[in-house]
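Tertiary structure, described
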Amino acid sequence: MLALLMLNILAYMTPNPDKTQIIIHLLSVISQNSAGQFFSSGHTNNWAVLVCTSRFWFNYRHVANTLSVYRSVKRLGIPDSHIVLMLADDMACNHRNPKPATVFSHKNMELNVYGDDVEVDYRGYEVTVENFLRVLTGRLPPSTPRSKRLLSDDRSNILIYLTGHGGNGFLKFQDSEEISNVELADAFEQMWQKRRYNELLFIIDTCQGASMYERFYSPNIMALASSQVGEDSLSHQPDLAIGVHLMDRYTFYMLEFLEDIHPASKTNMNDLFKVCPKSQCVSTPGHRTDLFLRDPGSVLITDFFGSVRKVELTMDAINLTDPIKQMEENPVNGEEQKEVYSYADQLPVSEIIHQKPKQKDWHPPDGFILGLWTLILLVFFKTYGIKHLKHIF
Amino acid sequence: MEAAHWLVLLMTLVPSSVPQPKDDFQEELVIRPLHSGDIYASFQFRTLWDTDFMRENKVSHYRLFPKSLGQVISKFSVRELHISFTQGYWRTMQWGQPFIPSPPGAELWVWFQDSVTDVDATWKELTNVLSGIFCASLNFIDSTNTVQPSASFKPLGIGNVTDHSFLRYATLPREIVCTENLTPWKKLLPCGSKAGLAVLLKSEKLFHSSFHSQAVHIRSVCQDWQCKTTSWELRQTVNSVFDLHNSGQAKREWSLFKMFSRTLTEACPLASSSKLYIDITDNPQGEQFELSPATSLLSQAVVLGDRRTFSVYDLTQETTFGSVRSLNLLIRWKSNEGEMLRPLLHAERYVAGYGLQTGEIHTLMYNNHPYRSFPVLLLDSVPWYLRLYIHTLSVTSKGKDNKPSYIHYEPSKDRVKPHLLEMLIQLPPNSVTEVTVQFERALLKWTEYPPDPNHGFYVGSSVISSLVPSTVAMDTNSTRERPLFSSFFPCKEESSYFVRIYTEPLLVNLPTPDFSMPYNVICLTCTVVAVGYGSLYNLLTRSFQIEEPNPGLAKRIANVIRKMRGVPPL
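Worth saying up front: this structure is predicted, and the values here are computed from it rather than measured.

Here we come to the overall build of chain A. For chain A, the helix and strand inventory stands at twelve helices and ten strands. Scored against the burial criterion, the 393 residues of chain A give a buried share of 46%. Accessible surface computed for chain A: about 21,400 Å², of which carbon and sulfur atoms make up 58%.

A few words now on the UniProt feature "active site" (unreviewed entry) in chain A. All names here are of chain A. Look at the UniProt record and you will see "active site" (unreviewed entry) annotated at His 165 and Cys 207. A maximum C-alpha distance of 6.4 Å is found for the annotated residues, which run over 43 residues; spatially they form one tight group. Among the secondary structure elements, His 165 is positioned in strand β5 (residues 165-167). For His 165, a relative accessible area of 26% puts it in the partly exposed group. The contact partners of His 165, leaving out residues within four places of it in the chain, are Thr 53, Ser 54, Asn 59, Arg 61, His 62, Leu 171, Lys 172 and Thr 206. At 2.8 Å, the side chain of His 165 and the side chain of Asn 59 are in polar contact. Tracing the sequence through the fold places Cys 207 in the loop between β8 (199-205) and β9 (221-225). Other than its neighbours up to four places away in sequence, Cys 207 contacts Gly 166, Gly 167, Ser 227, Glu 231, Asp 232 and Ser 233.

In this section: the pattern of salt bridges. The full count for this structure, using the stated rule, is 34 salt bridges over all chains. Across the pair A:Lys274 and A:Asp271 runs a salt bridge whose closest N-O atoms are separated by 3.7 Å. Members of the salt-bridge network, linked through shared partners, are A:Lys74, A:Asp80, A:Asp117, A:Glu119 and B:Lys187.

All names here are of chain B. One pass over the structure, following the stated rule, counts eight cavities of 30 Å³ or more. Taken as a whole, the largest cavity encloses approximately 180 Å³ of empty space. If you trace the largest cavity, you find 16 residues lining it, with Val 303, Leu 304, Met 474, Ser 486 and Phe 489 closest to the centre. The set of elements that each furnish at least two residues to the lining of the largest cavity consists of β12 (298-303) and β25 (496-502). A per-class count over the lining of the largest cavity returns twelve nonpolar, two polar and two charged. A domain-level breakdown of the lining of the largest cavity finds at least three residues from each of domain 1 (23-333) and domain 2 (345-476 + 484-508).

All right, on to the domain arrangement of chain B then. All names here are of chain B. Splitting chain B by domain gives domain 1 (23-333) and domain 2 (345-476 + 484-508). If you average the C-alpha positions of domain 1 and of domain 2, the two centres end up 25 Å apart. Counting residues at the interface gives 45 residues for domain 1 and 45 residues for domain 2. Carbon and sulfur atoms make up 64% of the surface buried where domain 1 meets domain 2, a total of about 3,800 Å² over both sides. Among the residues of domain 1 in contact with domain 2, Tyr 89, Leu 156 and Arg 174 are the three that bury the most area, contributing 15% of the side total. For the interface between domain 1 and domain 2, the tally reads one salt bridge. One can count 17 residue pairs in polar contact (both at pLDDT 80 or more) joining domain 1 with domain 2. Partitioned by chemical class, the residues of the side of domain 1 that touches domain 2 number 22 nonpolar, 15 polar and eight charged.

It is worth spelling out the state of the cysteines at this point. Residues and elements named next belong to chain A. Evaluated as defined, the whole model comprises four disulfides over all chains. At a sulfur-sulfur separation of 1.7 Å, the disulfide partner of Cys 276 is Cys 281. Classification of the bridge connecting Cys 276 and Cys 281 rests on its S-S torsion, roughly 100°, and on that basis the disulfide is right-handed. Here Cys 276 matches Cys 281 in class, with each residue buried.

It is worth spelling out the packing of helix α2 (residues 67-76) of chain B against helix α4 (residues 119-134) of chain B at this point. Packed helix pairs are characterised by how far apart their axes lie and by the angle those axes make with each other. All names here are of chain B. At a closest axis distance of 11 Å, the pairing of α2 and α4 adopts a crossing angle of 175°. The angle between α2 and α4 places the two elements in the roughly antiparallel class. Contacts from Ser 68, Val 72, Lys 75 and Phe 76 of α2 reach α4 at Thr 122, Glu 125, Leu 126, Val 129 and Ile 133. A class-by-class count of the residues in the contact of α2 with α4 yields five nonpolar, two polar and two charged.

On to the pairing of strand β4 (residues 156-163) of chain A. Residues and elements named next belong to chain A. The element β4 is largely enclosed, with a buried count of eight among its eight residues. The side-chain alternation of β4 yields two buried faces, one formed by Ser 156, Ile 158, Ile 160 and Leu 162 and the other by Asn 157, Leu 159, Tyr 161 and Thr 163. Pairing analysis gives eight bridges linking strand β1 (residues 45-52) to β4, with the strands arranged parallel. Residue pairing across strands places Trp 47 opposite Ile 158, the latter belonging to β4.

One can find A:Arg149 in the loop between α4 (129-137) and β4. Among buried Asp, Glu, Lys and Arg side chains, A:Arg149 stands out as unpaired, with B:Glu125 the closest opposite charge at 10 Å. Here the side chain of A:Arg149 touches A:Pro142 through a polar contact of 3.2 Å, landing on its backbone oxygen. Those residues in contact with A:Arg149 that lie beyond four places of it in its chain are A:Trp47, A:Val84, A:Leu140, A:Pro141, A:Pro142, A:Ser143 and A:Thr144.

Turning next to the pairing of β1(A). All names here are of chain A. Most of β1 is tucked away, with eight of its eight residues classed as buried. The side-chain alternation of β1 yields two buried faces, one formed by Asn 45, Trp 47, Val 49 and Val 51 and the other by Asn 46, Ala 48, Leu 50 and Cys 52. Inspection of the sheet shows β1 paired to strand β2 (residues 83-87) by five bridges, in the parallel sense. Residue pairing for β2: Ala 48 is matched across the bridge by Ile 83. Crossover β1 to β2 through helix α3 (residues 60-75) is right-handed.

Quick look at the interface of chain A and chain B now. The interface is formed by 46 residues belonging to chain A together with 65 residues belonging to chain B. A buried area of about 5,000 Å², summed over both sides, lies between chain A and chain B, and 57% of it is on carbon and sulfur atoms. When the buried surface of chain A facing chain B is broken down by residue, A:Arg123, A:Tyr343 and A:Gln346 rank first, second and third, together holding 18% of it. Counting across the interface, chain A meets chain B through six salt bridges. The salt bridge partner of B:Asp452 is A:Arg55, with a shortest N-O separation of 3.2 Å. Connecting chain A to chain B are 23 residue pairs in polar contact (both at pLDDT 80 or more). Per element, the largest residue contribution to the side of chain A that touches chain B is three residues, and it comes from helix α10 (residues 349-353) of chain A.

Cut-offs used in this document
Residues numbered from 1 in each chain as written. Chains lettered and ligands numbered in written order. Predicted model: local features only at pLDDT ≥ 70, side-chain atom pairs only at ≥ 80, totals over all residues. Heavy atoms only, no water. Helix = DSSP H or I, 4+ residues; strand = E, 2+ residues; numbered from the N terminus. Buried < 20%, exposed > 50% of the residue type's maximum accessible area, 1.4 Å probe, protein only. Areas by Shrake-Rupley, 256 points an atom, 1.4 Å probe, with all protein chains shown as cover. UniProt positions renumbered as here; feature names shortened; annotations may be inferred. Contact = heavy atoms within 4.5 Å. Polar contact = N/O pair within 3.5 Å; in protein donor to acceptor, adjacent residues only side chain to side chain. Salt bridge = Lys/Arg side-chain N within 4 Å of Asp/Glu carboxyl O. 1 Å grid on protein atoms, 1.4 Å probe; cavity = no way out; pocket = protein on both sides within 12 Å on 5 of 7 lines; lining within 4 Å. Points joined across faces, edges and corners; volume = space filled by probe spheres on them. Nonpolar A, V, L, I, M, F, W, Y, C, P; charged D, E, K, R; others polar. Domains from an automatic or database assignment. Buried area = accessible area lost by both parts, 1.4 Å probe. Disulfide = S-S within 2.5 Å. Axes fitted to C-alpha atoms, helices over the stretch in contact; angles between N-to-C directions. Parallel < 35°, antiparallel > 145°, perpendicular 65-115°, else oblique. Pairing = 2+ DSSP bridges. Lys, Arg positive; Asp, Glu negative; His and termini not counted. Right-handed = clockwise from strand over helix to strand, strands pointing away.

Printed below as a string of structure tokens:
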């Protein structure tokens with residue numbers, strides 16, 4: 001305010017040619033001060049890893065949970081290339097779904113969280129504990145495509161959302177394997193040591209969810225869970241047309257809370273901790289902030305759920321590299337093409353009948369065969385004695 | 001629209017000394033009413049590009065051809081690539097022959113260039129990259145479900161190749177196709193899903209159909225009739241069959257809005273031709289159904305061995321859209337008569353037998369031609385956990401043994417590769433040919449079972465390739481301007497046309513163990529050990545001492561007094 005006042009006075013008082021220079025100088029001072037505010041959170045990009053770990057039609061609500069968080073995160077600006085979405089089963093095109101290609105979160109089919117523009121990175125049998133841990137730690141086989149990788153760096157804020165069936169200290173993946181809280185804590189520690197995150201927000205919506213964040217020991221992690229140890233997370237409401245429960249209570253109220261957030265809102269984490277009190281959720285949501293360096297009241301929701309791009313102001317000039325030279329095209333019509341192409345015969349019957357069988361490559365005899373022959377020879381010479389050798393050869 | 005204008009501007013700024021490769025985009029939609037009341041819609045989007053992906057300097061300026069596929073072609077030295085995702089099974093007897101056949105699930109077959117040294121490693125990398133592009137779990141394709149056919153799947157594009165070692169074929173019958181596969185598919189189109197025919201591709205209606213198949217086909221084609229130069233062709237196709245009763249209506253009436261919940265408002269600005277064809281062959285005088293808005297354009301084409309007549313709507317003309325600026329085609333039925341022409345070739349497959357140990361696979365092929373016989377190439381790829389007994393293989397037609405003129409069999413190797421059986425069989429006229437083979441089910445290791453093993457295990461569809469005699473002379477002139485749907489399979493002779501049929505996939509149950517048994521065994525053993533051994537150990541090593549119980553307070557005071565008196569305690 002004071003600076004602006006000074007600016008006005010100066011602009012009024014000084015002669016014209018100097019006026020613009022002073023104004024520019026003052027503006028840069030002001031903007032650099034406010035630029036400092038931009039970097040209070042310290043992150044430059046946002047990632048999200050959203051995992052639904054349950055299979056089978058009656059676990060429709062877990063897929064709906066994950067898709068509603070996916071929807072909110074996309075709406076607030078995180079692009080598909082920065083979201084790793086893992087759904088253990090397909091509910092939208094499941095044959096039991098009365099409305100194909102839709103997944104609803106509210107009864108009476110009010111909100112289709114599946115939408116028209118969805119990219120699932122891991123689906124079906126690919127959602128395993130091993131793949132989840134590999135995505136987090138980045139130790140994937142070299143041929144994995146980019147959309148399946150978590151390419152975060154030390155200035156990334158990552159949102160990790162897990163939902164499914166769980167218990168005290170474990171989370172069940174696809175009804176056949178579990179991940180324990182110790183493994184998860186170790187994975188986060190690996191991520192910290194490899195500088196794969198700046199800050200991490202971990203949200204889990206399962207029964208006894210608080211047990212999953214008890215063992216974390218890496219810095220800069222904030223965790224939320226839908227229920228304490230010993231409590232079950234309950235589902236919200238069934239839809240009679242679809243026949244299953246559509247959402248879990250905690251994620252349902254969290255989705256309602258997130259629908260009010262827009263990319264420029266200033267709501268902070270303390271409001272997120274108040275989502276779904278015991279009266280609405282029946283279970284007691286818990287949170288853990290002791291590993292987090294900043295005060296939760298100063299952490300914006302959009303720091304994790306949105307993708308607010310930071311702008312770096314600079315007054316320096318940057319030299320661009322030399323423009324790429326166009327490669328000289330070889331003259332295409334240089335010489336006359338002598339050969340004429342033709343389409344292949346789709347079913348050349350006579351050729352097929354007279355096809356010589358493929359010569360299999362000769363491989364040296366297998367270890368088993370060699371061992372067998374050695375055994376036979378040994379037994380033979382043992383029985384009949386070595387002196388018969390000269391009769392044979 | 002802005003992107004198109006911007007691209008045009010950029011094109012003009014490029015110096016004219018570097019000639020830009022010519023590319024061309026065409027789109028078309030064919031609607032064929034079926035006799036059962038259902039309706040078959042087939043979209044084809046074709047991009048032709050005159051460029052060379054294989055040369056040293058990498059292609060860097062992409063216009064209509066999608067960059068992700070162009071980079072795949074040049075990085076993996078692909079000669080041809082065909083990938084399809086299908087939900088549902090094509091019912092040949094009710095619906096006739098499709099324009100582009102595809103098996104249920106996902107199917108991928110690729111011809112590599114001769115310059116590739118390690119085809120298997122390139123294949124593995126290619127499947128991983130494609131799984132990222134199409135959001136499908138194609139990374140499950142590995143050596144246990146990949147085969148190398150020796151006579152089927154000849155290249156559909158240019159090339160006289162005889163070395164099948166550069167061909168790989170794999171199917172994933174379990175693969176689901178949903179909006180997450182359609183989204184990246186639509187993004188490959190030049191106009192995306194914003195203009196042209198692709199606005200009709202709405203997932204809520206497309207997946208609520210009896211059959212939905214989306215495919216991408218990449219191959220080299222001749223540029224002109226001399227065929228001295230080739231260009232790359234990318235075809236993206238969608239085939240859907242919409243069910244009359246599913247859409248909830250009493251009258252037999254179809255419209256674009258009812259099928260796709262959208263109407264057409266414009267053609268794709270980047271397309272050189274954008275047409276809508278309605279098959280009116282069964283409706284020459286308009287007595288079966290009525291088409292509105294009426295159109296005067298008619299076209300005839302020989303497709304699938306038959307001469308069909310089509311009403312054409314040219315979307316590049318403004319007049320097609322009328323005064324309301326939108327085209328909503330309406331097809332209203334007046335009478336229910338008419339018989340469908342029986343397809344000349346169709347096939348079925350099923351598993352016979354009982355129990356969880358053995359079974360029998362039966363494949364039936366029907367030749368419905370009254371007097372002509374034709375050859376058929378049957379390709380079967382059976383996973384290793386169904387151990388086929390090839391000595392029980394029998395091929396019979398009309399009750400008599402029918403010896404195939406060519407058999408190629410590659411036995412499976414446990415956990416390494418599947419069975420491959422290819423046979424060339426001559427089907428006698430008006431007959432049913434039955435191919436049977438017995439198998440035994442293997443017991444898998446308990447870690448190899450999927451999380452839902454009681455669902456069963458899928459066996460991919462058999463592929464039947466055949467040259468079926470056609471009723472009218474086929475057009476072998478490959479250069480005349482033909483609609484896209486009739487130029488997919490190349491035609492070498494006039495009297496027959498090439499067709500590929502897929503049978504049903506099989507679902508077999510393997511003997512499934514009880515997965516809770518390890519836990520039960522551990523509990524039981526530990527209990528037995530604890531109770532049995534523990535009690536025995538206690539009996540043997542425990543020693544007993546007699547211990548006086550604690551006396552009451554009165555007695556304790558009395559004992560203290562007696563101790564003081566020197567008398568023995570109570």
